[in-house]
Amino acid sequence: MDAINLRRRDILGIIGLVALGGALLSPRHVLAASVSSLSSTEASAGLKEALLKGSETAVNLLGQPGGFLDNAKVRIPLPEGLKKAQAVLRMMGRGQQAEELEVAMNRAAESAVQEAKPLLVNAVQTMTVQDAKGILTGGDDSVTTYFKGKTQAPLAQRFLPIVSKEIDKLGLAQMYNQYAGQAAQFGVVRKEDANVQQYVTRKALDGLYLMIGEQERSIRADPVGTGSAILKKVFGSMK
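Treat the numbers as computed from the prediction; the structure is a model and nothing was measured.

Participant: Just checking my understanding: could you explain the overall build of the protein chain for this structure?
Facilitator: The helix and strand tally for the protein chain stands at 11 helices and zero strands. By the burial criterion, 40% of the 239 residues in the protein chain qualify as buried. Of the contacts made within the protein chain by residues no fewer than 6 positions apart, 78% connect residues no fewer than 24 positions apart. In the structure as shown, the protein chain presents an accessible area of about 13,200 Å², 56% of it carried by carbon and sulfur atoms.

Next comes the structure, spelled out in structure tokens:
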């Protein structure tokens, strides 16, 4: 009986050691150890460079002609209420106006997104060392989430007047706003889609953060490919 108990204790002890070893070597612990081996200066510098590279590339891609219109990932469709009414608009001879509005919406987003760069750069410059280490140990979209938290509200304020300037030229947009506003009160149209200008502003921001996210994932996946020594060291330590 004593031999059996001894063997049982040995087995339980081995199981305990394996479990403890698994916990100590879990991805989270390894990641924390890798990041802690970096100096605060390195972590901050690497992340700031990633932020600047990612945001600049995203703005440049979206802020050119066709940046939204020709990119299926971010192209802004007509609001749902207008999409449902397209067949009726064609019957009324206004199908072309709907097409023109969709083009104008995307052109407006392309113009507005160029205003993002100064605010994105400011978000980088004001980032603390604590922010940097927290982002590095976060998920694959932690950089994008940081940007969103810092810039979404002020960017919306900058985007809206630029979008409005382009959209207000089209009578169909004004007509849609008038009827969609009423329809939203009865739940026929979503409130967030009841104003074309605000709808485009929101979609333009969604597209911007989506592209920043793609750049972030690209840098995390291949920091060597960026040609930056500091990015290689910082993000390479997280592999």
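Participant: Before we go on, may I ask you to explain the nonpolar core in this structure?
Facilitator: In globular proteins that are soluble, nonpolar side chains generally tend to be buried together. Counting residues in each nonpolar core, the largest one holds 50 residues, and the members touching the most others are Leu-101, Met-105, Phe-147, Ile-167 and Leu-208. Here the element with the most residues in this core is helix α10 (residues 196-221); it accounts for nine residues. Sequence-distant contacts of Phe-147, that is, excluding residues within four places in its chain, are made with Leu-51, Ser-55, Leu-120, Ala-123, Val-124, Gln-152, Tyr-209 and Ile-212.

Participant: Would you mind going over α10 with me for this structure?
Facilitator: Every α-helical turn comprises 3.6 residues, leaving residues that sit three or four positions apart pointing alike. The first and last C-alpha atoms of α10 sit 37 Å apart over 26 residues, in line with the 38 Å expected at 1.5 Å per residue. Sitting at the amino-terminal end of α10 is Asn-195, which places a side-chain oxygen 3.0 Å from the backbone nitrogen of Gln-197.

Participant: I keep staring at the environment of Arg-220 and nothing clicks. Help me out?
Facilitator: Tracing the backbone through its elements, the reader meets Arg-220 in helix α10. Counting along the chain gives 84 residues from Arg-220 to Leu-136, while the straight-line C-alpha distance between them is 10.0 Å.

Participant: Where do I start with the packing of helix α6 (residues 116-125) against helix α8 (residues 142-167) in this structure?
Facilitator: Packed helices, taken two at a time, are described by the angle between their axes plus the distance between the axes. Contact pair α6 / α8: the axes reach a minimum separation of 10 Å and the direction vectors enclose 150°. Taken together, the axes of α6 and α8 are roughly antiparallel relative to one another. Like other packed secondary-structure pairs, α6 and α8 cross with a definite hand, here right-handed. Judged by residue contacts, Ala-116, Pro-118, Leu-119, Leu-120, Ala-123 and Val-124 of α6 engage Tyr-146, Phe-147, Lys-150, Thr-151, Pro-154, Leu-155, Arg-158 and Phe-159 from α8. A breakdown of the residues in the contact of α6 with α8 according to their chemical character gives 11 nonpolar, one polar and two charged.

Participant: Honestly, the pattern of salt bridges in this entry has me stumped. Any pointers?
Facilitator: When the charged atoms of two side chains with opposite charge come close together, those side chains can pair. What the rule picks out here adds up to six salt bridges. Between Glu-214 and Lys-73 there is a salt bridge, and its shortest N-O distance comes to 2.8 Å. With Glu-214 in helix α10 and Lys-73 in the loop between α3 (40-62) and α4 (80-91), this pair connects stretches of sequence that are 141 residues apart. The class of Glu-214 is partly exposed, set by a relative accessible area of 24%. Residue class for Lys-73 comes out exposed when judged on its relative accessible area of 55%. Residue Arg-75 pairs with Glu-102 through a salt bridge whose shortest N-O separation is 3.3 Å. In this pair, Arg-75 sits in the loop between α3 and α4 while Glu-102 sits in helix α5 (residues 95-113), placing the two residues 27 residues apart along the sequence. Taking relative accessible area as the criterion, Arg-75 reaches 36% and is therefore assigned partly exposed. The exposure class of Glu-102 is buried, given its relative accessible area of 17%.

Participant: What exactly am I supposed to notice about the environment of Glu-166 here?
Facilitator: Residue placement: Glu-166 occurs in helix α8. With a relative accessible area of 26%, Glu-166 lands in the partly exposed category.

Participant: Looking at this model, I keep getting lost on the side chain of Glu-102. Mind explaining?
Facilitator: Here the side chain of Glu-102 touches Arg-75 through a polar contact of 3.3 Å, side chain to side chain. The residues touching Glu-102, leaving out its near neighbours within four places in the chain, are Arg-75, Ile-76, Pro-77 and Leu-78.

Participant: It is not clear to me how the environment of Ala-173 should be interpreted in this structure. Could you clarify?
Facilitator: Topologically, Ala-173 is positioned in helix α9 (residues 171-184). When the C-alpha positions of Ala-173 and Gln-197 are compared, they lie 8.4 Å apart, and in sequence the two are 24 residues distant. Dropping the residues within four chain positions of it, Ala-173 is found in contact with Leu-101, Ile-167 and Val-196.

Participant: Explanation requested: helix α7 (residues 129-136) in the structure shown.
Facilitator: All of the buried residues in α7 are Ala-132, Ile-135 and Leu-136. Around the axis of α7, the buried residues are gathered within 100° of arc, so they sit on the same side. Between a side-chain oxygen at the N-terminus of α7 and the backbone nitrogen of Asp-131 the separation is 3.0 Å; the capping residue is Thr-128.

Cut-offs used in this document
Residues numbered from 1 in each chain as written. Predicted model: local features only at pLDDT ≥ 70, side-chain atom pairs only at ≥ 80, totals over all residues. Heavy atoms only, no water. Helix = DSSP H or I, 4+ residues; strand = E, 2+ residues; numbered from the N terminus. Buried < 20%, exposed > 50% of the residue type's maximum accessible area, 1.4 Å probe, protein only. Contact = heavy atoms within 4.5 Å. Areas by Shrake-Rupley, 256 points an atom, 1.4 Å probe, with all protein chains shown as cover. Core = buried A, V, L, I, M, F, W, Y, C linked by side-chain atoms within 4.5 Å. Expected span 1.5 Å × (residues − 1). Polar contact = N/O pair within 3.5 Å; in protein donor to acceptor, adjacent residues only side chain to side chain. Axes fitted to C-alpha atoms, helices over the stretch in contact; angles between N-to-C directions. Parallel < 35°, antiparallel > 145°, perpendicular 65-115°, else oblique. Left-handed = near helix turned anticlockwise from the far one by under 90°. Nonpolar A, V, L, I, M, F, W, Y, C, P; charged D, E, K, R; others polar. Salt bridge = Lys/Arg side-chain N within 4 Å of Asp/Glu carboxyl O. Arc of directions from axis to C-beta.

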